[in-house]
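Report on the structure
The residues making up each chain are set out below.
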Amino acid sequence: MEYNNHRGRGGRGSVSSLLRNAMPGAGAGVQAPEASPGRYVRHRDEVPPDDEACDDVFRVDVRGPGDDPFDIPAKRAPVERLRRWRQAALVLNASRRFRYTLDLKKEEEKEHIRRKIRAHAQVIRAALLFKEAGEKQSGDRELQEILPRGFGIGEEQLTSMTRDHNYSTLQEYGGVKGLLNLLKTNSEKGIHGDEADLSSRANAFGANRYPRKKGRSFWVFLWEACQDLTLVILIVAAAISLALGIATEGIKEGWYDGASIAFAVFLVIFVTAVSDYKQSLQFQHLNEEKQNIQVEVIRGGRRIQVSIFDLVVGDVVALKIGDQVPADGVLISGHSLAIDESSMTGESKIVFKDQKSPFLMGGCKVADGYGTMLVTAVGLNTEWGLLMASISEDNNEETPLQVRLNGVATFIGIVGLVVAALVLVVLFARYFTGHTTNPDGTVQFVKGHISVKSIIFGSIKILTVAVTIVVVAVPEGLPLAVTLTLAYSMRKMMADKALVRRLSACETMGSATTICSDKTGTLTLNQMTVVRSIVGGIELQPQATIEKLSPTVTSFVLEGIAQNTSGSVFEPEDGSTDEITGSPTEKAILSWGVELHMKFAAERSKSAIIHVSPFNSEKKRGGVAVNGRDSDVHVHWKGAAEIVLALCTNWLDVDGSIHEMTPDKANQFKKYIEDMAEQSLRCVAFAYRNLDPKDIPSEEQRINWQLPDNDLTLIGIVGMKDPCRPGVRDAVELCTNSGVKVRMVTGDNLQTARAIALECGILTDPQASTPVIIEGRVFRAYSDTEREAVADKISVMGRSSPNDKLLLVKALKKNGHVVAVTGDGTNDAPALHEADIGLSMGIQGTEVAKESSDIIILDDNFASVVKVVRWGRSVYANIQKFIQFQLTVNVAALIINVVAAISSGNVPLNAVQLLWVNLIMDTLGALALATEPPTDQLMKRTPVGRREPLVTNIMWRNLFIQAVYQVAVLLTLNFGGRNLLHLTQDTFEHSNKVKNSFIFNTFVLCQVFNEFNSRKPEELNIFEGVSRNHLFVGVVSVTVVLQVIIIEFLGKFTSTVRLSWELWLVSVGIAFVSWPLAFVGKFIPVPQTPLKDLILKCLPKRKMQADEGPTPPV
C-alpha cells in the first residue's frame, strides 16, 4: 500500500469526512433550474432510445434462451449475460480463467457499500454537529494547532473548514483573500512553484495521492497457476508414481518417472505464472496512466500543465467546462460556474458556485462556465481521496472476443474430455485383459502372476496419460491469449499515441466500418493564426494594421478581445515574448490582439466583468457584460461569423460611427465570410451592444441572467487558418481502401468544411451537395426514418452541434455500421458514449469527454486513429493465428494418441512429452503468435464482422491440411516406424524407444514449422516481417534449443533416447514439408459461406432456425 507522503491526519471526524460526500444536498449551493444547451449532463442518467439499451438500464437479460451464451455486447453488457457465459464455460482453473473478467460479486459489494454510506451520511453528519455543539456548550476547547513553518494556517484547520463547507470559518480567516495570504499565494500569480516551495507545501499539507490497492505479487500468480484441476491430479499421480517407483526399483532408478512428471508440471506452472505476472504489470502501468490527469495551474504568473499528483495546497487552478475538480478548494473567481456533484453525493444535481457558496469538492465535474480555485486540501484530506482509498477501483472486464474464445475452449474441452475418457477406458480394458506389453515385449498384466504394486503402478501410468490428454485438449490459455495480445497491443498503442481505457474497444476497432471525425485538431494541426481581418467595414492589410482605425473602434476591438476570452496573456517583466494560453481559437485571437499592440493586463483593468455567458458548441458564441470606467455597460459577443452577423442590426464604421445593417451591407459581409471559408479559414465575428445599467439584474438574480444578444453592432470579422495535418490525406485514403468510411463532423460553416474535406481527401467532388455535405440543422430536422436513409451518404456535416453528432451516430448504428467517433468537448460525451468506439482527444479533450470515451488519442492526430484501427484488426488476426496453431496441435495430438491407444494399447506421446507440447502450444505459442505487430496487409481487407466465425474457412483448410499430414506421417511411423527407420536389427525395447523418441521429436518440430505457417494464414510469404518480431524468433529459438536438450540430455526424464544425426535430419525434413504443403494449400479455393452455415444447410431441422436468425451487419 502506497501512502506517498500523505500526512494521514485527516482531522477530527475523518470517518465523517469520508461519509459526508454521499449526503444528499452536500455542498449547499443553488441548484440550477435547467441545464443550458451547452452544459454537461450526465449521460448515464439518459433514457436509452431503444430496446437494446433497456437491457442495460434494468440489468436483466431480455434475449431468448436459445441464444449463444458466449455472445455479449461490446459495451454495457447486462449482468445476466455476463453470469450466463460464466456458467456455460468449461473451466479447469477458475482463478486463472476469470482473472481478467469483471468480478460480479465485488461489483455488487462495492455498490452496496456506496448505498450504505449514502444512507447513513445524514445521521453521521448530524452526530458530528451534535458533538461539536456539545463541546462548545461544555466549554471544551481544542488545543491550538501548531502551524507549519511559513504558513498562517494548519492542515487540520483547512481540512475541517473545507470538509464541513464552513462559510463562517472562511470569513473568520478573512475570506478567500485572507486565505490566500495565509497560504502565501496570489490569486493572479499563484505560488512560486520552485522545488523548495513545492516541497515545503507537500510536507506541511500532504501530497495529492491516496493509498492504492497493491498489485498482486508473483507468488499469487504462481499459486493460482497451481489450482488447475488437471495439474493437481498429475502432481498427485507423480507423487504416487514416485513412491511406488522408489519402493519397486530403489531410489537410484525408481524416482525418474514420478520426478519427471512433477518437474514438467512445475515447469508449466512456472512459465504460466511468469507470463500472467508480466501481463498484470502492463495493465497496472496502463491504469496509472489513465489516472494521471493533467491540470492547468498558475505558478509564478504562468499558466502551466501539471500532473494531478503534483498539485499542492495553495495552488491556483484554472477550471473550465468539462474539467474534473482535482482537489478540495474554494472558489477565487468564476463566471456561470456550475458543478456536477453527482460523483460525490450520488444525486444528479448541478450546483452553482459563487462567493457565497465557494466550496469545491475534488472528483466533481465542471458542468458549465469557468473560474479559478484555491486548493485547500489534497490526498486523504479530501472527500474524493478518502472515497477512492476506501473503494478499490478494479478495471477488469471481459471482452466479447474473450467470451467467444471461452465458448471455443469449452467446445474443444468437451471433445477432449470425451477423447480422454475413451482412451482411459480402452487402456484399462486392454491392460486388464492382457493386451498391453512392456517395453521389452512381455505382457504387462498376467492374472495371478502380478503384484498389487505393479497393478497400481500400471493404473497410475494410464490415468496420467488420460489426464495429460485433458491438459492438452482443454485450452485454458485460449481465452487468456486475448488478454495477452490486448496487453501487448495496449502497450504498443501507447507508443502510437493511443491510451486504451476499455479493453474491448481494441477489438471493436477492428470491426469499425465508419469513423466520424472532428475537424479542428484531429484532421488539422490545431495551430490557428489570424490571416485575414475585416474591422470597421474595411479589410486590414496586413491583418494587424490599426493605423486606419479610429481610437473608438480600436478601443471596442481590444476590449472585446481582452474581456471576452477564457485565455490569458502573460507579459514577462524582462520584456521577452508574451506567453499566451487558452484554446487554439482563443490563442489565435489573443495573438492577433497582441499584434494590435494590446496590453492584456492593462486592457482588462480598464473595465470590470459583470456577467459571462460562456461559449458553447450549441450556441456557437460566447458573451460578456463589462462595466467601463465611464459607467457605460457593454455586452460583447464573439462566435461563428454568420450566426453573430445574423444578430447584428448595425455595423461600426472605421471612423467610429454606427450605421444600420442594410441588406446590401449584410450581403457584403456574407461575401467576406464565404471568401474566407473557401480558403479553409475559420471565421469569427465580434459584435457589441450598449446596455442601460438599470437593465442589469441584482447580484442574486444574475445567476440566471441571459445576456441580451439582439440589436448587436458588428465590430469585425477575422479568418483563422488551421492547416491540415501532414499525412492526413494518406491516412484517409488508407481508411477508404480498407472499407472504413471517414466522415467529417464539424462546427465550422459548410464552405470551410468543404474546403478542408477536399484538402483531406474526405470529399473528392468539389461540387458535392446535400446529402453528401449537409448542415447540422437540416439533418436535425429530418425524421428518424429520413435520417437513417441519408446517414450512409453523408461525408461532411457542417455547423453541427454535439446533438447532431449523436443523431448521426444513432442513425449509422441503426443501419448496421460499427461506428467510431472522435470528440473533445464536454457535450461530445453522449456521442462518445453511444458510439461503438468513443475516441477522445488527449490534448484538447475535457475530462468529461475522456471519461466517456474508450480510447484517448494522446496527440489528437487522425493518423493515430488509423493506427488504432490497424491494432484492432491485429488483435483479431493474432487470435485467429493462435487458434489455427492450437487447433492443429490439438487435433493431431488427440488423433495420434487415440488411434495408437485403441489399436496397440500404448501411446507414442507420454505424459511428460504431452506437457511439453502443451507448453509449446499454450503459453509459448500465445507469446509467439499473439504478439505479432500489425502489417499493411491488414488494411487491405474489409472490416471484420463482429459476429463472423472465429475459425474461418481459410483457417479450416489450413488446419485440415496440416493436421492430416501430421497424423498420417506420425501414425505411419507409429505402426511401421521400426521398418521405415531401419531399426529391426536392434532389440525390441531399444528400437521402440528410438521410434517413440523420433515420433515425439518430429511432432514437436512439425509444430515449430507450423508456427511459421500460422503467422500468415492467407498470405503466400510466411517469412515477411519475421525478423522484426524478436519475440517470435526468441520463442521459436528457445523451443528448438530446449527440444534438442530434452532429446539429447534429458532422456531419463522424458523416456526418450538420443537420436543419430541422420534421424535428426529426417525429423527436420518431415517437419519442413509442412511449408511447401501450406504454400500449395493456399491455392485451394474455399467457399464464402462459413462452414457452420454449410453444415446447418445440410440439416433440415436446423435450417429453419438458421434462416430465422438475424444477419449480423458487417
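Residues numbered from 1 in each chain as written. Predicted model: local features only at pLDDT ≥ 70, side-chain atom pairs only at ≥ 80, totals over all residues. Heavy atoms only, no water.

Moving on, we come to the overall build of the protein chain. Assigned secondary structure in the protein chain consists of 41 helices and 27 strands. In the protein chain, buried positions account for 56% of the 1114 residues. (Helix = DSSP H or I, 4+ residues; strand = E, 2+ residues; numbered from the N terminus. Buried < 20%, exposed > 50% of the residue type's maximum accessible area, 1.4 Å probe, protein only.)

Here we take up the pairing of strand β20 (residues 681–691). Taking burial as the measure, the 11 residues of β20 include 10 buried ones, the bulk of the element. Relative to β20, strand β17 (residues 633–640) runs antiparallel, the two sharing 8 bridges. Bridge pairing links Gly639 to Ala685 in β20. (Pairing = 2+ DSSP bridges.)

Looking now at the packing of aromatic side chains. Scanning all chains against the criterion turns up 19 aromatic pairs. Judged by centre distance (5.7 Å) and plane angle (65 degrees), the rings of Phe218 and Trp219 are edge-to-face. Overall, the relative accessible area of 17% leaves Phe218 in the buried class. Both rings, one in Tyr488 and one in Trp871, keep their centres 6.1 Å apart while their planes meet at 70 degrees; by these two values the pair is edge-to-face. Of this pair, Tyr488 sits in helix α18 (residues 477–495) while Trp871 sits in helix α32 (residues 862–904), placing them 383 residues apart in sequence. As far as the burial class goes, Tyr488 and Trp871 line up, both buried. Each member of the aromatic cluster is reached from another via a ring pair, and the members are Phe1009, Phe1012, Phe1023, Phe1032, Phe1072 and Trp1075. (Phe/Tyr/Trp six-rings, centres within 6.5 Å; stacked < 30°, edge-to-face > 60°.)

With that settled, the discussion passes to the nonpolar core. Counting 150 residues, the largest nonpolar core has Ile762, Ile837, Ile855, Phe862, Ile883 and Phe1003 as the members making the most contacts within it. Top contributing element to this core by residue count: α32, with 20 residues. Excluding residues within four positions of it along the chain, Ile837 makes contact with Ala505, Thr508, Met509, Ala512, Val818, Val819, Ala820, Val821, Asp854 and Ile855. Val297, Ile332, Leu337 and Val375 belong to the second-largest nonpolar core, a separate cluster that totals 40 residues. (Core = buried A, V, L, I, M, F, W, Y, C linked by side-chain atoms within 4.5 Å. Contact = heavy atoms within 4.5 Å.)

The subject of this paragraph is unusual backbone geometry. Along the chain, Thr770 connects to Pro771 via a cis peptide bond; the corresponding omega equals 5 degrees. Mapped onto the secondary structure, Pro771 falls in the loop between α26 (750–760) and β23 (773–775). Of note, the phi angle at His165 is positive, near 50 degrees, even though the residue is not glycine. Its location among the elements puts His165 in the loop between α6 (155–163) and α7 (167–172). Note on His165: relative accessible area 16%, which makes it buried.

So, on to the packing of helix α35 (residues 988–1015) against helix α38 (residues 1061–1072). Closest axis-to-axis distance for the α35/α38 pair is 8 Å, and the angle between their directions is 40 degrees. One element, α35, and the other, α38, form an angle in the oblique class. For the crossing formed where α35 meets α38, the hand is right-handed. Between α35 and α38, the residues in contact are Val994, Phe998, Asn1001, Thr1002, Leu1005, Cys1006 and Phe1009 and Leu1063, Trp1064, Val1066, Ser1067, Val1068, Ile1070, Ala1071 and Phe1072, respectively. Split into classes, the residues belonging to the contact of α35 with α38 amount to 12 nonpolar, 3 polar and no charged. (Axes fitted to C-alpha atoms, helices over the stretch in contact; angles between N-to-C directions. Parallel < 35°, antiparallel > 145°, perpendicular 65-115°, else oblique. Left-handed = near helix turned anticlockwise from the far one by under 90°. Nonpolar A, V, L, I, M, F, W, Y, C, P; charged D, E, K, R; others polar.)

With that out of the way, let us pick up the environment of Ile546. Looking at where Ile546 falls in the secondary structure, it is placed in the loop between β12 (538–539) and α20 (551–563). Accessibility expressed as a relative area gives 18% for Ile546, which makes it buried.

Moving on, we get to the pattern of salt bridges. The full count for this structure, using the stated rule, is 27 salt bridges. Ionic pairing is found between Glu851 and Lys365, a salt bridge with its closest N-O pair at 3.2 Å. Taken together, the residues Glu851 in helix α31 (residues 847–852) and Lys365 in strand β8 (residues 365–377) connect sequence positions 486 residues apart. The class for Glu851 is partly exposed, based on a relative accessible area of 40%. The partner of Lys805 in a salt bridge is Asp828, and the shortest N-O contact between them spans 3.3 Å. One end of the pair, Lys805, is in helix α29 (residues 802–814); the other, Asp828, is in the loop between β25 (819–823) and α30 (829–834), with 23 residues separating them in the sequence. Here the two residues Lys805 and Asp828 agree in accessibility, since each one is buried. One salt-bridge network, held together by shared partners, links Asp518, Lys805 and Asp828. (Salt bridge = Lys/Arg side-chain N within 4 Å of Asp/Glu carboxyl O.)

The end-to-end C-alpha distance of helix α16 (residues 400–432), which contains 33 residues, comes to 48 Å, matching closely the 48 Å that a straight helix rising 1.5 Å per residue would cover. Among the residues trailing α16, Gly434 stands out with phi positive, at a value near 80 degrees. (Expected span 1.5 Å × (residues − 1).)

A few words now on the sheet that holds strand β24 (residues 796–798). Across a sheet, paired strands are connected by hydrogen bonds in the backbone, their directions being either parallel or antiparallel. Across the sheet, 8 strands lie side by side as β9-β27-β26-β25-β10-β22-β24-β23; this open sheet has mixed pairing. Where the open sheet ends on each side, the last strands, each with one partner, are β9 (498–500) and β23. Neighbour to neighbour, the strand axes of the sheet diverge by 20 degrees on average, direction disregarded. Both β9 and strand β27 (residues 855–857) contribute to a ladder of 3 bridges, which runs antiparallel. Directly across from Ala498, in β27, lies its bridge partner Ile857.

This paragraph deals with the packing of helix α33 (residues 911–929) against α35. One can describe the packing of α33 onto α35 by two numbers: an axis separation of 11 Å at closest approach and a directional angle of 15 degrees. In terms of their interaxial angle, α33 and α35 are classed as roughly parallel. The two elements α33 and α35 cross, and the hand of that crossing is right-handed. For the pair α33 and α35, contact is made by Gln913, Trp916, Val917, Ile920, Leu924, Gly925, Ala928 and Leu929 and by Phe1000, Phe1003, Val1004, Glu1011, Ser1014 and Arg1015, respectively.

All right, on to the side chain of Thr581 then. Turning to its location among the elements, Thr581 is positioned in strand β14 (residues 579–581). Within polar-contact distance, the side chain of Thr581 engages the side chain of Ser568 at 2.8 Å. Residue contacts for Thr581: discarding those within four places in its chain leaves Arg303, Gly567, Ser568, Lys587 and Leu590. (Polar contact = N/O pair within 3.5 Å; in protein donor to acceptor, adjacent residues only side chain to side chain.)

With that settled, consider α33. Its 19 residues give α33 an end-to-end C-alpha distance of 25 Å, which sits within 8% of 27 Å, the value for a rise of 1.5 Å per residue. Considering bend angle alone, the principal kink of α33 is centred on Thr923 and spans about 30 degrees. (Bend = angle between axes of the 7 residues up to and from the residue.)

Attention now goes to the pairing of strand β5 (residues 328–340). Counting buried residues in β5 gives 11 out of 13 residues, a clear majority hidden from the surface. Summarising the sheet, β5 and β8 pair through 10 bridges and their orientation is antiparallel. For Gly329, the partnering residue across the bridge sits in β8 and is Val375. When β5 meets strand β7 (residues 359–360), the two strands line up antiparallel, connected through 2 bridges. Within β7, the position partnered with Val330 by the bridge is Phe359. Two strands pair when backbone bridges link them, and β5 and strand β6 (residues 350–352) are joined in this way by 3 bridges, in the antiparallel orientation. Residue pairing in the sheet places Ile339 in a bridge with Val351 of β6.

In short, geometric facts, not functional conclusions.
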